[in-house]
Amino acid sequence: MERKTRGSVINGYLDYIKKRWGAEGLKQCISEVGFEGMHFKDGHYYQDEMVGNVLRWISRTKGKDAVKDSGKFIMHNLGILSWLVRFTTVKTLAEKFPVNYSEVYAFGSCKVDTSDPKNLKLILRDVGYYEEACLVWEGICEEALAMTKTKGSVTHTKCQNRGDSECVFIVRID
Ligand SMILES: [Zn+2]
């Protein structure tokens, strides 16, 4: 299956790298993942493998927590919903995830089950096909809590990387 992702996502991760580790860090990443001379247009779609290479670079050189933080950064800075976040709840925000998802990722599927308001469920199919992708989603969910000033926690209860049929994240609201 061909997986494509919007350039805005790649640019978001590159911005994150630059913000955390400066121009030198960004240069190192670009050189090591083979992005020299490349420019990603926000509205164009690129092979998701390129996103994977950037996330694996972060994981390899900066650690897994830094990968999760990159998800928080993306959620905070790239979310087209960020302007209304202050006025909304984590549940409303979660309900917008699938539309948001399909606007930037041209593969896999994203569903949300908010029938239990204390345990919001995010279900991703064929999205978490490598570990770092799941770490990013954990960060995205945690940031959704933080941005809406909601106390709670996130657990990744099922994972395709561990042989489950889908990835499930539970956002528990205290
Ligand atoms: Zn997973």
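Residues numbered from 1 in each chain as written. Predicted model: local features only at pLDDT ≥ 70, side-chain atom pairs only at ≥ 80, totals over all residues.

Caption draft 1: A look at the overall build of the protein. Check the secondary structure of the protein and you find five helices and six strands. Secondary structure of the protein in N-to-C order comes out as β-α-β-α-α-α-β-β-α-β-β. Taken along the three principal axes of its C-alpha coordinates, the protein extends 50 × 35 × 30 Å. Within the protein, the fraction of its 174 residues that count as buried is 34%. (Helix = DSSP H or I, 4+ residues; strand = E, 2+ residues; numbered from the N terminus. Buried ≥ 20, exposed ≤ 12 C-beta atoms within 10 Å, placed from the backbone.)

Caption draft 2: Up close: unusual backbone geometry. In this structure, Asp126 takes a positive phi of about 60° despite not being glycine. The residue Asp126 is located in the loop between strand 4 (119-125) and helix 5 (131-147) in this model. Judged by C-beta crowding, with 14 C-beta atoms within 10 Å, Asp126 ranks as partly exposed. Even without glycine at this site, Lys149 takes up a positive phi of about 50°. Positionally, Lys149 belongs in the loop between helix 5 and strand 5 (152-158). Classification of Lys149 by C-beta neighbours within 10 Å gives exposed; the count is 10.

Caption draft 3: Representation of the sheet that holds strand 5. Overall, antiparallel pairing links the four strands, which are arranged 3-4-6-5 in an open sheet. Edge strands, defined here as strands with exactly one partner in the open sheet, are strand 3 (109-113) and strand 5. Mean inter-strand twist for the sheet, computed between neighbouring axes without regard to direction, equals 20°. The pairing of strand 3 with strand 4 spans five bridges and is classified as antiparallel. Residue Val112 lies in a different strand from strand 4, and its bridge partner there is Leu122. Across the face of the sheet, helix 4 (residues 90-104) comes into contact with strand 3, strand 4 and strand 6 (167-173) while running at roughly 160° to strand 3. Across the sheet, helix 5 is in contact with strand 4, strand 5 and strand 6; its angle to strand 6 comes to roughly 20°. (Pairing = 2+ DSSP bridges. Axes fitted to C-alpha atoms, helices over the stretch in contact; angles between N-to-C directions. Contact = placed C-beta atoms within 7 Å.)

Caption draft 4: Quick look at the nonpolar core. Ranked by internal contacts, the top residues of the largest apolar core, which has 39 residues, are Val54, Ala144 and Val171. Mapped by element, the contributors of at least two residues to this core are helix 1 (7-33), helix 2 (48-62), helix 3 (64-78), helix 4, strand 4, helix 5 and strand 6. The biggest single contributor to this core is helix 5, with nine residues. Both domain 1 (4-75) and domain 2 (87-173) contribute no fewer than three residues apiece to this core. Contact partners of Val171, with chain neighbours within four places excluded, come to Val90, Ala94, Leu120, Leu122, Cys141, Ala144, Leu145, Gly152 and Val154. (Core = buried A, V, L, I, M, F, W, Y, C linked by C-beta atoms within 7 Å. Domains from an automatic or database assignment.)

Caption draft 5: Just helix 5, in detail. The first and last C-alpha atoms of helix 5 sit 25 Å apart over 17 residues, in line with the 24 Å expected at 1.5 Å per residue. Along helix 5, 14 of the 17 residues are buried, which leaves the element largely enclosed by surrounding structure. Positive phi shows up at Lys149, right after helix 5, with a value of about 50°. (Expected span 1.5 Å × (residues − 1).)

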